[in-house]
8 protein chains.
Amino acid sequence: MSDPHIRDLLQTLLAGQLSLTEAQRQLEEHLVQPPTAHLSDTQLDLERARRCGFPEVIYAEGKTPATVVELFTRLREAGQAALATRVSDEQLHALHERFSDLVINRVARTARFSLQRPPQGRVMVVAAGTSDRPIAEEALETLHWMGTGCELIVDVGVAGPRRLLAELPRLEGADAIVVAAGMEGALPSVVGGWVDCPVIAVPTSVGYGAAFRGVAALLGMLNSCAANVCVVNINAGFKAGYMAGLIAHRRHADQT
Amino acid sequence: MSDPHIRDLLQTLLAGQLSLTEAQRQLEEHLVQPPTAHLSDTQLDLERARRCGFPEVIYAEGKTPATVVELFTRLREAGQAALATRVSDEQLHALHERFSDLVINRVARTARFSLQRPPQGRVMVVAAGTSDRPIAEEALETLHWMGTGCELIVDVGVAGPRRLLAELPRLEGADAIVVAAGMEGALPSVVGGWVDCPVIAVPTSVGYGAAFRGVAALLGMLNSCAANVCVVNINAGFKAGYMAGLIAHRRHADQT
Amino acid sequence: MSDPHIRDLLQTLLAGQLSLTEAQRQLEEHLVQPPTAHLSDTQLDLERARRCGFPEVIYAEGKTPATVVELFTRLREAGQAALATRVSDEQLHALHERFSDLVINRVARTARFSLQRPPQGRVMVVAAGTSDRPIAEEALETLHWMGTGCELIVDVGVAGPRRLLAELPRLEGADAIVVAAGMEGALPSVVGGWVDCPVIAVPTSVGYGAAFRGVAALLGMLNSCAANVCVVNINAGFKAGYMAGLIAHRRHADQT
Amino acid sequence: MSDPHIRDLLQTLLAGQLSLTEAQRQLEEHLVQPPTAHLSDTQLDLERARRCGFPEVIYAEGKTPATVVELFTRLREAGQAALATRVSDEQLHALHERFSDLVINRVARTARFSLQRPPQGRVMVVAAGTSDRPIAEEALETLHWMGTGCELIVDVGVAGPRRLLAELPRLEGADAIVVAAGMEGALPSVVGGWVDCPVIAVPTSVGYGAAFRGVAALLGMLNSCAANVCVVNINAGFKAGYMAGLIAHRRHADQT
Amino acid sequence: MSDPHIRDLLQTLLAGQLSLTEAQRQLEEHLVQPPTAHLSDTQLDLERARRCGFPEVIYAEGKTPATVVELFTRLREAGQAALATRVSDEQLHALHERFSDLVINRVARTARFSLQRPPQGRVMVVAAGTSDRPIAEEALETLHWMGTGCELIVDVGVAGPRRLLAELPRLEGADAIVVAAGMEGALPSVVGGWVDCPVIAVPTSVGYGAAFRGVAALLGMLNSCAANVCVVNINAGFKAGYMAGLIAHRRHADQT
Amino acid sequence: MSDPHIRDLLQTLLAGQLSLTEAQRQLEEHLVQPPTAHLSDTQLDLERARRCGFPEVIYAEGKTPATVVELFTRLREAGQAALATRVSDEQLHALHERFSDLVINRVARTARFSLQRPPQGRVMVVAAGTSDRPIAEEALETLHWMGTGCELIVDVGVAGPRRLLAELPRLEGADAIVVAAGMEGALPSVVGGWVDCPVIAVPTSVGYGAAFRGVAALLGMLNSCAANVCVVNINAGFKAGYMAGLIAHRRHADQT
Amino acid sequence: MSDPHIRDLLQTLLAGQLSLTEAQRQLEEHLVQPPTAHLSDTQLDLERARRCGFPEVIYAEGKTPATVVELFTRLREAGQAALATRVSDEQLHALHERFSDLVINRVARTARFSLQRPPQGRVMVVAAGTSDRPIAEEALETLHWMGTGCELIVDVGVAGPRRLLAELPRLEGADAIVVAAGMEGALPSVVGGWVDCPVIAVPTSVGYGAAFRGVAALLGMLNSCAANVCVVNINAGFKAGYMAGLIAHRRHADQT
Amino acid sequence: MSDPHIRDLLQTLLAGQLSLTEAQRQLEEHLVQPPTAHLSDTQLDLERARRCGFPEVIYAEGKTPATVVELFTRLREAGQAALATRVSDEQLHALHERFSDLVINRVARTARFSLQRPPQGRVMVVAAGTSDRPIAEEALETLHWMGTGCELIVDVGVAGPRRLLAELPRLEGADAIVVAAGMEGALPSVVGGWVDCPVIAVPTSVGYGAAFRGVAALLGMLNSCAANVCVVNINAGFKAGYMAGLIAHRRHADQT
């Protein structure tokens, strides 16, 4: 740890500018008080950008439009990038009223401010079918917010196998690949068999009957016989994008 | 229906060789009494060969060796082919003692007599990995018993995709393809995407953890995005072979 | 394989009409570029009719009306038959506006163009009760689109066992039988016990409570003690019809 | 209620043979103290025969042989019939050592003393296949113990439909029918469709794969489209026999 | 069987009033043609009243109002009692328009005609809480339609144990007891422990969270440690009433 | 027991003011008749306050507004505190019309009268995120109704671990802690690891995909490696509050 | 917090007996280094007794006998009570060799040292049947180890309801009640309805078929309509005893 | 692609050293024939090292010792590293007989040859408890085989929260962290909240009752509220190690 704030505090104590009791109080408070912003009816973890590399993301479901606007305002004030997922029309409207330079994606149901810096790395986002697109778009928006270069490939499901073969060249050299698929969720295994990078599989609730709203795809992906496939929650486009972006970010941060 | 036995009976009645009461008794008995062989502690449906095209198959699990031997004896006496599945070592021993010309497959855990006739048709049996082999062999034994031509392809799982591409020429022209796979069960979808014949998918209990003893593979196969894939029970190699053999049998029976 | 296009290409190279580099480029492109039609926001696998025997079918759920119309337009241009399943009222309206000769089935929620040729083969579609009819109709529409002869039998559930006995004569001689049932899903087993052809069982979500939206019927069908029963996904009328049609098609194609 | 013991107590009080305090003590004790036999490490509800019509049954699983012997001894002393289910070899041995006139059924894993009285009523116990026999035998033993007339029919599963038709005459006139079946559990529905008496369905764990140790059969039976079918727990041969015996017992008790 | 119609037919044949071919045709047709009424888009099993003791019941879900009216009309013409369950407002309206003497129960969502005869037997219907009432009422309506005497007891859940004790006298002497309960479904076990008659347990979907829409109650009832408890499907008030009515009906039919 | 009413009754009998028959009748009636209020279409267990320490709580779901008002009226007449949970807007309106001094919480969907007495004890209610607040508020309202001191802490989920560390001082010295969390439900384990008092964990249905409407959180909490964590039903804020209040109530009742 | 160790450290720094750097190092180390004992292949959290009120408990499953002996040795050296659960015969033997004064319970599969102090409080442990006894005994051993007074009641399942009524007086005045039950798990609801103290319900895996190794009992207990019932994991006798002991401990600690 | 072999082939054709037919045959064969080693009863994908970066791994379960030895022999001959997982004692014995320089880990049940090169990168493997160690060791062995630097931390479960805080400094700077946990599976969320690198969560089947052999932990991890957590199959230590190694490998390969 070796926290500079502690060193300052001890020096101030030694300098006689602080009583022993006050030094202990400040020391203990410092150790437990995170830089959390207390808002009207929620808290915002402003420390997260430092601790985890990226700011806290707003999961908008169940929050009032006012709360979402307040959270974006605080993040902007703190100079941090902002991303909200699962945003309702009403919340989008409120955000749009307040911020003129917001990037909104209605298919992905996201809103974001990104930091102005050139994109780094390359993540491919692959969607088995058209219906998996909202989840794939949520992953893409997350990658844009993280400042990661990314591209989308759609409609390469295993029922038409030559379509994927045709796209293999585009997959080469990616830092990581996000694959979104519903129904039997076989696509991540098939992609994983052709490439040498990590594949983040995100099952979608596309399908009917024994697809059980994504459970069949989830189980398929967890049991993938390809070793380079890991899995996130059903419909968790954000998390898949975040994982892929994190991998790309750390690889390219080293190089710069 | 127009059952010839009924016609005979009515004629005998008209001929005065039968009383009205006796005619009615025989008529009603005939209608409900199937040609069932009552054995020591089970029954054998000898009529099935006529009604369904193939004789009753012996599911050996839970039967005594004596019962299995008795059932094979009756089938042989009736001139019908015989097949027993899920046969224990003790049952195999008892069968082997009694019949010198039995075909035994210890991997598939089957025993059979087949009718002496040249094989018809061509069914391919594909197993994703070595561990799926017992189920694939059960399908093959069933096909041999039905008199259907068949071949086995092993170790073409999706983690090594070029292995399947190399085998595609052998799959062309098949009457039907049985695909046995565990884990995520993606192989039938992938095979189904390349061929134009019916694919009978049989999930196996190969795998661990969230494979749930074949459930993941079962769900994957049921949700296959390939339209030419239907599914049988987990580890049901017999049923997969039977379905494929039935399709081949009827197609080639027409031609001869 | 022995692909004629490859032969042509090599000959052109030998004839000096193509540079070595260009020959290799065309060769490699040909090997990976499937004849896919890239549409506004989806792709259409025009090669499928050749590879699998029948064109790609449009699963309409989640697509815009414009996309569905565009897909039908391309299929017609390519001279292929067209079928869309799970079609919404809005999509039907858009298709109807554009094509005057479309066959629409509102119970089945399908729309199709068929090729003009006399129906081949005979598939029986059996529905346990009136509520299973939409799924049975989806199977029938699929069979019409494939050019397969087919008939419907409704309301022969096992609670009134003589109703099925009365229909047995109609089942005789079928190429394959589709059986749609919800609740306990016992009908395919019962039908399978009487006939000698493949039975494609399709569980429906009809029922309540422990029917679990088709799961009870699905499990019942997977565990059928009749050997000639295979299963497709819950409510998958299309897939059941397709499997049955494929079996009939190949049997009768041989004969003609 | 109008309990004669209370009346006696009040009369003794009025007769001055009991103090008020003692009367109240005895009254309150009587109201809460059931005639339970406290044994070494269990209790025996001797009152149950009066309250429920039949004595408590010994579920032997997890009990020591000594405990089972002690329970049988107490029931015999109380002049009550005795039945133990799920009995181990070791327990059977201990019971056999102690009682010479015990009826033991090793297939059903039961031991019993019955009261000497002519059987009343008629319950049919139907088992789909040979493997369902242990459960069917447990039901039969329970019926014998209750003094109910009963018969067994085996091997009439739906894959050979004419076998059941041949047995229909034996089912006519039964007070109740117990049907034990595993796999898809379709037999109770089929039986229920032919008869006019209550059918007690007992799913068995016979089958493999998606039979899920009786779950498929259980769901099938719960969703039976026949209205006269109710269900007991998987492998609960005892409970099925008890329910059927209770129905027969009450019907015939009225008549005598 | 000894079917009088067959005897007549054989006599007519012997009398020369029928050709052999025509006799056989009529004989075979008679054997397979049930007295089914073919309606616009469904069938009605008019034979069921004779075969099973009570007419076919109309499960109204998914039927058009016109179909339901047509079915009631046919049952009335055949002089049979009529009962429809899961009836929608629209269906009720259509029935009400057509028949002035219909008994409608909006809580139970049923409509019925009963035969005019004095009620026989006594079945108690017990509902754990107010929310279980619709299911209990469906059972009561079924019992009224069957002509069985019945009474309702509500709000005697196990959280207030003395409420049930107070009602025990009313339960004494019942032919059978229906118990409807949701949540943990403990009430049938508790009732079963106090009485000597069959208890038909019907789990309801009342509850939330881990009640899983009736699954918790269903499992509780299946595992009841009381031997006189059997179970029907979740929310299957009709089936519970039918089973109880059947038991009462047969007991009292014997006595009259 | 030693019930004074029984003593009085016996004395009246001895005094000759009661016949033996009448004494027995009154005695038996007294033993089984609980002080239940029979309302229009439900019952109210007025005895519960004495038996269990707190009055019966009204689970409003599925009751008419009139019934809820009637139940509150009776509780007020009996001088008992009143609490209704899962109250609809319509029910709230009806209660508000009738009682001017009701405490309504629209987030928690509760209405209550509390007894006027100073709060006792201290229970902390912790909610992982903003979306878990309705459940946490239901627990708080229950605690207010019981007269237990309580406080709320929100937004201390494990993704921002220092937020919980900052709140540890407030958790110290609590009688019990209620922790409401959805998604993976890890918070109760983490809280349980830091404190020495009982933790009542309530899983919420917050989350999506494999959260399965609270099942993931429920399983997480049941398997907590912290020994001081017990669990209530999904979304059961009332029950969590009640358990915590009961623990606090009994501890402080001893001290006063 | 106000940790005296921090104050000492700051004073030593001010006294010049520590360099600034060393003070910071010691300060930071102190904050993160828990008093954990590092053993051969595991760690022991010796701080837990202070933080949580009771020492760490040894879950013996999967540990070597040597590790278990080492853990007990360290706890004894630290003057802390010791409890090991799920102990194998081999582990018991090793412990017994090493410690002469160990309390071993082979039914509960536990071993323990307790602190010598008079038991405080009173917890009742109720087991529905004899087979639930191992789990109940594990709870009792845990209570003995905690120094809590406790008693066992066995064989009061709901099938013999008067047995529980007879034991109600013993339940009165308990600090908390542990109820262990398998099968339908109804007993905690029934007990909860009669008492005014917290009930800790522990489902056991006793039962068969749809008991699903404790799942039915678990669901029943989670959905209990009694408000004073909370639940721990299946077969978690230790955790149930711990929760009950914690409640009793804190209540009586206040009084002394 | 631009495959040099194709160029060579075309040049040979142009040079007249190959007939057109032979050129086409070789071309097509080359395109589909992967460098697969055909062994006695399995295949080995030797091309995988080139395509995916690491050679095929031997999943030993269900293979004969001879097959495993043969596979290792081929990999060594091809100069590739070798790893076998889920190795039985018998297989280990056979490998040990044949190869003297094998690295065997009996806790992890693995055997391997690694390539001789200095380890790159740093992956931390964290196990919640001692029982999770076999899975953690499988991950470590995989990392050793990949040539990745790695360390193990054990016994930092959430019930003793300060133990993890003490290890945080070791987690800093890792390329990726593997976290293995059973029971509620909360540890990956807690770790994820403190670090800025990818966390690969592997649920283990440690626990009992509602742990459902790893399902509770799996669901907990999938629903993690920490964004940097992805999941692999239950007990899939190999896959978790492979994913982490892949991330580290690519990051450091760039730098060298």
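Residues numbered from 1 in each chain as written. Chains lettered and ligands numbered in written order. Predicted model: local features only at pLDDT ≥ 70, side-chain atom pairs only at ≥ 80, totals over all residues. Heavy atoms only, no water.

A short note on the interface of chain H and chain F
Part 1 of the argument: At the junction of the two partners, chain H supplies 24 residues and chain F supplies 24 residues.
Part 2 of the argument: Between chain H and chain F the total buried area reaches about 2,000 Å² when both faces are included, carbon and sulfur atoms providing 74% of it.
Part 3 of the argument: Ranking the residues of chain H by area buried against chain F places Glu 184, Asn 223 and Cys 225 of chain H at the top, with a combined share of 29%.
Part 4 of the argument: Our count for the chain H to chain F interface comes out at zero salt bridges.
Part 5 of the argument: Applying the counting criterion to the chain H and chain F interface returns eight residue pairs in polar contact (both at pLDDT 80 or more).
Part 6 of the argument: Mapped by element, the contributors of at least two residues to the side of chain H that touches chain F are helix 7 (161-171), helix 8 (187-194) and helix 9 (215-222) of chain H.
Part 7 of the argument: In terms of residue class, the side of chain H that touches chain F is made up of 17 nonpolar, five polar and two charged. (Contact = heavy atoms within 4.5 Å. Buried area = accessible area lost by both parts, 1.4 Å probe. Salt bridge = Lys/Arg side-chain N within 4 Å of Asp/Glu carboxyl O. Polar contact = N/O pair within 3.5 Å; in protein donor to acceptor, adjacent residues only side chain to side chain. Helix = DSSP H or I, 4+ residues; strand = E, 2+ residues; numbered from the N terminus. Nonpolar A, V, L, I, M, F, W, Y, C, P; charged D, E, K, R; others polar.)

Some remarks on the sheet that holds strand 5 (residues 103-105) of chain D
All names here are of chain D.
Part 1 of the argument: Strand order across the open sheet formed by four strands is 3-4-6-5, with mixed pairing between neighbours. At either margin of the open sheet sits one strand with a lone partner, and together these are strand 3 (58-59) and strand 5.
Part 2 of the argument: As paired elements, strand 4 (residues 82-85) and strand 6 (residues 110-113) share three bridges and run antiparallel to each other. What sits directly across from Ala 82, in strand 6, is Phe 113.
Part 3 of the argument: The sheet contacts of helix 6 (residues 133-146) involve strand 4, strand 5 and strand 6, and relative to strand 6 the element is tilted by about 10 degrees. (Pairing = 2+ DSSP bridges. Axes fitted to C-alpha atoms, helices over the stretch in contact; angles between N-to-C directions.)

Observations concerning the relation of the copies chain H and chain A
Part 1 of the argument: Once chain H has been moved 0.1 Å along the axis and rotated by 180 degrees, it coincides with chain A to within an RMSD of 0.3 Å. In short, the pair behaves as if placed about a two-fold rotation axis.
Part 2 of the argument: A share of 100% of the interface residues of chain H reappears at the interface of chain A, consistent with the copies meeting face to face through the same patch. (Least-squares fit on C-alpha atoms with pLDDT ≥ 70 in both.)

Details of the interface of chain H and chain A
Part 1 of the argument: Facing the 35 residues of chain H at the interface are 35 residues of chain A.
Part 2 of the argument: The junction of chain H with chain A conceals about 3,100 Å² of combined surface from both sides, 55% of it contributed by carbon and sulfur atoms.
Part 3 of the argument: A per-residue breakdown of the area chain H buries against chain A is headed by Leu 222, Lys 239 and Arg 250 of chain H, which together make up 21% of the total.
Part 4 of the argument: At the boundary of chain H with chain A, the tally comes to two salt bridges.
Part 5 of the argument: Arg 250 of chain A serves as the salt-bridge partner of Asp 196 of chain H, at 3.6 Å between the closest nitrogen and oxygen.
Part 6 of the argument: When contributions to the side of chain H that touches chain A are tallied by element, the ones reaching two or more residues are helix 3 (48-52), helix 8, helix 9, strand 11 (229-231) and helix 10 (237-255) of chain H.
Part 7 of the argument: Sorting elements by how many residues they give to the side of chain H that touches chain A places helix 10 of chain H first, with 10 residues.
Part 8 of the argument: Tallied by class, residues from the side of chain H that touches chain A come to 20 nonpolar, eight polar and seven charged.

As for the pattern of salt bridges
Part 1 of the argument: Here the structure, examined in full by the defined rule, presents 85 salt bridges over all chains.
Part 2 of the argument: Here Glu 151 of chain C and Arg 170 of chain C are joined by a salt bridge, their closest N and O atoms 3.0 Å apart. Here the residue Glu 151 of chain C occupies a position in strand 8 (residues 148-154), and Arg 170 of chain C occupies one in helix 7 (residues 161-171), the gap between them amounting to 19 residues.
Part 3 of the argument: Across the pair Glu 138 of chain G and Arg 86 of chain G runs a salt bridge whose closest N-O atoms are separated by 3.3 Å.

Some words on the sheet that holds strand 4 (residues 82-85) of chain E
All names here are of chain E.
Part 1 of the argument: Across the sheet, which stays open at both edges, the four strands sit in the order 3-4-6-5 with mixed pairing between neighbours. Looking at the sheet topology across the chains shown, the edges are occupied by strand 3 (58-59) and strand 5 (103-105).
Part 2 of the argument: Packed on one face of the sheet, helix 6 (residues 133-146) meets strand 4, strand 5 and strand 6 (110-113) and runs near 10 degrees to strand 6.

So, the nonpolar core
Part 1 of the argument: With 280 residues, the main nonpolar core has Ile 177 of chain A, Ile 177 of chain D, Ile 177 of chain E, Ile 177 of chain G together with Ile 177 of chain H as its most contacted residues.
Part 2 of the argument: When near neighbours in sequence (up to four residues on either side) are disregarded, Ile 177 of chain D contacts Met 124, Val 126, Leu 171, Val 191, Val 195, Cys 197, Pro 198, Val 199 and Ile 200 of chain D. (Core = buried A, V, L, I, M, F, W, Y, C linked by side-chain atoms within 4.5 Å. Buried < 20%, exposed > 50% of the residue type's maximum accessible area, 1.4 Å probe, protein only.)

So, the relation of the copies chain H and chain F
Part 1 of the argument: Under the fitted operation, chain H is carried onto chain F by 0.0 Å of movement along the axis and a turn of 180 degrees, and the coordinates agree to an RMSD of 0.1 Å.
Part 2 of the argument: Interface residue correspondence from chain H to chain F reaches 100%, placing this contact among same-surface, isologous pairings.

Observations concerning the arrangement of the chains
Part 1 of the argument: Note that chain B does not reach chain G: the shortest distance linking a C-alpha of one to a C-alpha of the other is 15 Å.
Part 2 of the argument: With respect to C-alpha atoms, chain C approaches chain G no nearer than 13 Å, and the pair has no contact.

Looking at the packing of aromatic side chains
Residues and elements named next belong to chain D.
Part 1 of the argument: Counted under the stated rule, the structure contains 56 aromatic pairs over all chains.
Part 2 of the argument: Here Phe 238 and Tyr 242 contribute two aromatic rings whose centre-to-centre distance is 5.8 Å and whose plane-to-plane angle is 50 degrees, an arrangement assigned as tilted. Placement of the pair is Phe 238 and Tyr 242 together in helix 10 (residues 237-255), with a separation of four residues, close to one helical turn.
Part 3 of the argument: Overall, Phe 238 belongs to the buried group, its relative accessible area being 14%. (Phe/Tyr/Trp six-rings, centres within 6.5 Å; stacked < 30°, edge-to-face > 60°.)

Concerning the domain arrangement of chain A
Residue and element names in this part refer to chain A.
Part 1 of the argument: Domain boundaries in chain A define domain 1 (33-113) and domain 2 (120-255).
Part 2 of the argument: Taking only C-alpha atoms into account, the centre of domain 1 sits 25 Å from that of domain 2.
Part 3 of the argument: Domain 1 puts 16 residues into the contact, and the matching count from domain 2 is 14 residues.
Part 4 of the argument: Among the residues of domain 1 in contact with domain 2, Phe 54, Arg 86 and Arg 112 are the three that bury the most area, contributing 41% of the side total.
Part 5 of the argument: In this structure, the connection of domain 1 to domain 2 is made through two salt bridges.
Part 6 of the argument: Where domain 1 meets domain 2, there are five residue pairs in polar contact (both at pLDDT 80 or more).
Part 7 of the argument: Only strand 4 (82-85), strand 5 (103-105) and strand 6 (110-113) provide two or more residues apiece to the side of domain 1 that touches domain 2.
Part 8 of the argument: Here the residues of the side of domain 1 that touches domain 2 are counted per class, giving 11 nonpolar, three polar and two charged. (Domains from an automatic or database assignment.)

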